Amino acid sequence: MARRATRGTGTVFFSKERRRWMAQLTVGHDPKTGRPKKLTRSFPTKREAEAWRQEMALKHFRGLLAPPEAIAVRDFAQSWLERKAREVRPRTLFLYRKELAYALPSLEDPQAKDPLGRARLQAVNPRDIRAVIDGLMNRGLSLRTVKKVREKLHAIFEEALALELVARNPVAPVKVRGGSEQEREKPGRTLETWEIEALLAALDAHPDPRTALVLRLCLSCGLRKGEALGLQWGDIDLEKGLLYVRRTWSFDGARTAISDPKTASGRRAVPIPSKTLARLESYREWWRERLGSYPPPSFWVFPGVNGQEPLGYNTPNRALTRILKRLGLPPARVHDLRHTYGSMLLARGAPVELVSERMGHTSPSITFNNYRHMFSEERQAHIFDPEDFVAASGGGKRPEVYVFDPEDYLGPRGQA
């Protein structure tokens, strides 16, 4: 026979069929049918059942207990991704889905084995998350990837918590630590001065002036690859030596598309260094010879084969990989040219606020944390000898013009 507590605080009773003590608490009603929604849990002893009932009743009274909704983790993750589609760029959304699919494989394959994805949202506990994380580590995924997966799962349950669908975030207590030094996330690589010198010479000799100039703009103006590919001739003012970032050529993993800059601060004017400007002028003349007239303002600066779209999204990547391999230089991403631009300006003493503005960052802290790399020349130059310090008479003078022209910056060749 059920032992009833105060009305609204649940009941405890013994189930002859299951031979266990049952604790039950009504936490709401179905808006469609009016039927009560109940939390039920079984225990081997009456004492444990009473303790759980009292704990849940107190949480329910304080508004900390979510009603038992029949929402699967996979379904809530899918709706989360749909909401994110309105907030982030297609490429970012593609990466979110890819990262989540490691933990929730049914997002990509509905027939895949997916215990976590098919579990009820409120039923997931930290042990379940720990099992998923450990499983990914055992599969050999990098530490960075596993951290990204945990980050997305945490965001999903955090939203469920904000919507009062769950009483707590089961991902919060689960941490991802450890890994070898090689597995830890590293910042983008910054090219050394002798690497820049060799790369610039290779770009001048490259058979495709479009690809060569895209890579040069990433290096000398700090553009993202998509920003450079998305340029039209109306975005370039050769007289003032400025280019205006107004759009980007993006890739979401399945298709390419024109989209707005990554952030509001991504819309910006960037000064073009004199030697890069001269090459842009020559490049424009090259197009005049091919077209019979100067390209119109709406013409892509770096058109693809049909001229209706920009150059292929992965074309600069493949070209840079081949060039560096032929030169015998370590691998680098196209985005590392942008890293080099930011780090070079900071190394020359440019204010971090100015560099942040040039690169289209939302905050100077992003610039300083991600783009301030140490060059071998700096490591050798910044040595403190107290005797030299006493004899020193003043320091150098900060440059007044903060334009990074990679050719002007080139110094003596050093050792890697």
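First, a word on what this report is: a plain description of the structure on this page. Since the model is a prediction, treat every value here as computed from it, not as a measurement.

In this section: the sheet that holds strand β6 (residues 242-245). Taken together, three strands build an open sheet; the order of strands is β5-β6-β9 and the sheet is antiparallel. Unpaired on one side and paired on the other, β5 (236-237) and β9 (268-271) mark the two borders of the sheet. Of the strand pairs in this sheet, β6 and β9 are connected by four bridges, and their pairing is antiparallel. For Leu242, the partnering residue across the bridge sits in β9 and is Pro271.

On to helix α1 (residues 46-61). Here α1 spans 22 Å end to end across 16 residues, near enough to the 22 Å set by a 1.5 Å rise per residue. Among the residues making up α1, those that are buried are Ala49, Glu50, Trp52, Arg53, Met56 and Ala57. Each buried residue of α1 lies within a common arc of 165° when the element is viewed along its axis, so the set occupies one face.

This part takes up the pattern of salt bridges. Opposite charge on two side chains permits them to pair, given that their charged atoms come into close proximity. In the structure shown here, the tally under the stated rule is 18 salt bridges. The salt bridge involving Glu227 is made with Arg224; its shortest N-O contact spans 2.6 Å. Comparing Glu227 with Arg224, the two get one shared label, buried. Counted as one network, the salt bridges with shared partners bring together Glu99, Glu151 and Lys152.

Of all hydrophobic cores here, the largest spans 51 residues; its most connected members are Leu215, Leu217, Leu223, Ile236, Leu243, Phe302 and Leu337. Those elements that place two or more of their residues in this core are α7 (193-204), α8 (209-221), α9 (225-229), β6, α10 (274-291), α11 (315-327), α12 (334-347) and α13 (352-359). Among residues more than four places away in sequence, those in contact with Phe302 are Arg210, Leu213, Val214, Leu217, Ala228, Leu231, Tyr283, Pro310 and Leu311. Counting residues in hydrophobic clusters, the runner-up holds 30 residues, among them Val73, Tyr96, Leu104 and Val174.

Another aspect to go through is the packing of helix α3 (residues 90-103) against helix α6 (residues 143-162). As a packed pair, α3 and α6 sit with axes 9 Å apart at the nearest point and diverge in direction by 95°. Judged by the angle between their axes, α3 and α6 are roughly perpendicular. In this structure, α3 uses Tyr96, Glu99, Leu100, Tyr102 and Ala103 to contact α6, whose residues at the interface are Thr145, Lys148, Val149, Lys152, Leu153 and Ile156. Looking at the contact of α3 with α6 residue by residue, the classes come out as seven nonpolar, one polar and three charged.

On to the pairing of strand β3 (residues 20-29). Bridge count for strand β2 (residues 11-15) against β3 is five bridges, and the pairing is antiparallel. For Ser15, the partnering residue across the bridge sits in β3 and is Arg20. Adjacent in sequence and paired antiparallel, β2 and β3 are bridged by four residues, among which Arg19 carries a positive phi angle near 55°. Two elements, β3 and strand β4 (residues 36-43), share eight bridges in a ladder whose sense is antiparallel. Each bridged residue has a counterpart across the sheet, and for Thr26 the counterpart in β4 is Lys38.

Taken N-terminus to C-terminus, the directions of α8 and α11 make an angle of 85°; their axes are 10 Å apart at the nearest point. As judged from the angle between their axes, α8 and α11 are roughly perpendicular. Between α8 and α11, the contacting residues are Thr211, Val214 and Leu215 on the first element and Thr315, Pro316, Ala319, Leu320 and Ile323 on the second.

So, on to the packing of aromatic side chains. A complete count under the given rule lists nine aromatic pairs for this structure. By the ring-pair criterion, three or more aromatic residues cluster together here, those being Trp233, Tyr283, Trp286, Trp287, Phe299 and Phe302. Its end group placed over the ring of Phe76, Arg83 keeps NZ or CZ at 5.5 Å from the ring centre. Over the aromatic face of Tyr313 sits the side chain of Lys225, whose NZ or CZ is 3.8 Å from the ring centroid.

Conventions adopted
Residues numbered from 1 in each chain as written. Predicted model: local features only at pLDDT ≥ 70, side-chain atom pairs only at ≥ 80, totals over all residues. Heavy atoms only, no water. Pairing = 2+ DSSP bridges. Helix = DSSP H or I, 4+ residues; strand = E, 2+ residues; numbered from the N terminus. Expected span 1.5 Å × (residues − 1). Buried < 20%, exposed > 50% of the residue type's maximum accessible area, 1.4 Å probe, protein only. Arc of directions from axis to C-beta. Salt bridge = Lys/Arg side-chain N within 4 Å of Asp/Glu carboxyl O. Core = buried A, V, L, I, M, F, W, Y, C linked by side-chain atoms within 4.5 Å. Contact = heavy atoms within 4.5 Å. Axes fitted to C-alpha atoms, helices over the stretch in contact; angles between N-to-C directions. Parallel < 35°, antiparallel > 145°, perpendicular 65-115°, else oblique. Nonpolar A, V, L, I, M, F, W, Y, C, P; charged D, E, K, R; others polar. Phe/Tyr/Trp six-rings, centres within 6.5 Å; stacked < 30°, edge-to-face > 60°. Lys NZ or Arg CZ within 6 Å of the ring centre and 35° of its normal.

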